[in-house]
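Coordinate inspection notes
Next come the chains, spelled out residue by residue.
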Amino acid sequence: QVQLVESGGGSVQAGGSLRLSCVASGKIFAINVMGWYRQTAGKERELVASRTNTGFTSYSESVKGRFTISRGSAENIFSLQMSNLKPEDTAVYYCTWDQESLAGRVPTRYWGQGTQVTVSS
């Protein structure tokens, strides 16, 4: 129903910045929640940022003040601006898209394939 494609991952040195982007396609609805998760081997997947279609944003404590989630010029595009990166930010980052299903009005979460972010000291 909804497909997500991330881009922008890469390798940077500590203190650097990186911008991840996500493009949603398919049967997308105006009422939605955009999000970014990250996961490192041996750790649970962590929600780092989210944004509702109304513009409300939320961040995990570990990234607050350094990461910013925002929508692009179109409602199906959003990004995660990461600044002052630290080695502990190294992870696979996934974008997500939450919306109701077509038939049952059941909230459904869609996932991107993930993009690697590596921060070296």
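Every value quoted in this text rests on a predicted model; they were computed, and no experiment measured them.

Definitions and cut-offs
Residues numbered from 1 in each chain as written. Predicted model: local features only at pLDDT ≥ 70, side-chain atom pairs only at ≥ 80, totals over all residues. Heavy atoms only, no water. Core = buried A, V, L, I, M, F, W, Y, C linked by side-chain atoms within 4.5 Å. Buried < 20%, exposed > 50% of the residue type's maximum accessible area, 1.4 Å probe, protein only. Helix = DSSP H or I, 4+ residues; strand = E, 2+ residues; numbered from the N terminus. Contact = heavy atoms within 4.5 Å. Pairing = 2+ DSSP bridges. Disulfide = S-S within 2.5 Å. Phe/Tyr/Trp six-rings, centres within 6.5 Å; stacked < 30°, edge-to-face > 60°. Lys NZ or Arg CZ within 6 Å of the ring centre and 35° of its normal.

1. Points about the nonpolar core
- Among the nonpolar cores identified, the biggest contains 25 residues, and Trp36, Leu80, Met82 and Tyr93 are the most heavily contacted of them.
- Where this core is concerned, the elements lending two or more residues are strand 1 (2-7), strand 3 (18-26), strand 4 (33-39), strand 5 (46-52), strand 7 (67-71), strand 8 (77-82), strand 9 (91-100) and strand 11 (115-120).
- Those residues within four positions of Met82 in sequence are excluded, and the remaining contacts are Gly16, Ser17, Leu18, Leu20, Arg66, Phe67, Tyr93 and Val117.

2. Regarding the pairing of strand 8
- In this sheet, strand 8 lies alongside strand 3 in antiparallel orientation, the contact comprising six bridges. Residue pairing across strands places Ser21 opposite Ser79, the latter belonging to strand 8.
- Sheet topology places strand 7 next to strand 8; five bridges connect them, and they run antiparallel. Residue pairing in the sheet places Arg71 in a bridge with Phe78 of strand 8.

3. A word on the environment of Ser70
- Topologically, Ser70 is positioned in strand 7.
- C-alpha separation for the pair Ser70 and Phe56, spaced 14 residues apart in sequence, amounts to 10.0 Å.
- When near neighbours in sequence (up to four residues on either side) are disregarded, Ser70 contacts Arg19, Arg51, Phe78 and Ser79.

4. What about the state of the cysteines?
- Counting across every chain of the model gives one disulfide.
- Sulfur-sulfur distance for the disulfide between Cys22 and Cys95 comes to 2.1 Å. Judged by the sign of its S-S torsion, about 55 degrees, the cystine formed by Cys22 and Cys95 is right-handed. Taken together, the residues Cys22 in strand 3 and Cys95 in strand 9 connect sequence positions 73 residues apart. The burial state of Cys22 is the same as that of Cys95; both residues are buried.

5. Quick notes on the packing of aromatic side chains
- Counting across every chain of the model gives four aromatic pairs.
- Pairing Trp36 with Phe78 gives two aromatic rings, centres 5.7 Å apart and planes at 65 degrees, and the pair type is edge-to-face. Note that Trp36 is positioned in strand 4 and Phe78 in strand 8, a separation of 42 residues in sequence. Pair check on accessibility: Trp36 and Phe78 agree, each one buried.
- On the numbers, 6.2 Å between centres and 80 degrees between planes, the contact of Tyr94 with Trp111 is edge-to-face. Taken together, the residues Tyr94 in strand 9 and Trp111 in strand 10 (residues 107-111) connect sequence positions 17 residues apart.
- Trp111 sits in the partly exposed class, given a relative accessible area of 35%.
- One aromatic cluster is present, formed by Trp36, Phe78 and Trp97 through successive ring pairs.
- Sitting above the plane of the Tyr94 ring, Arg45 keeps its charged end 4.4 Å from the centroid.

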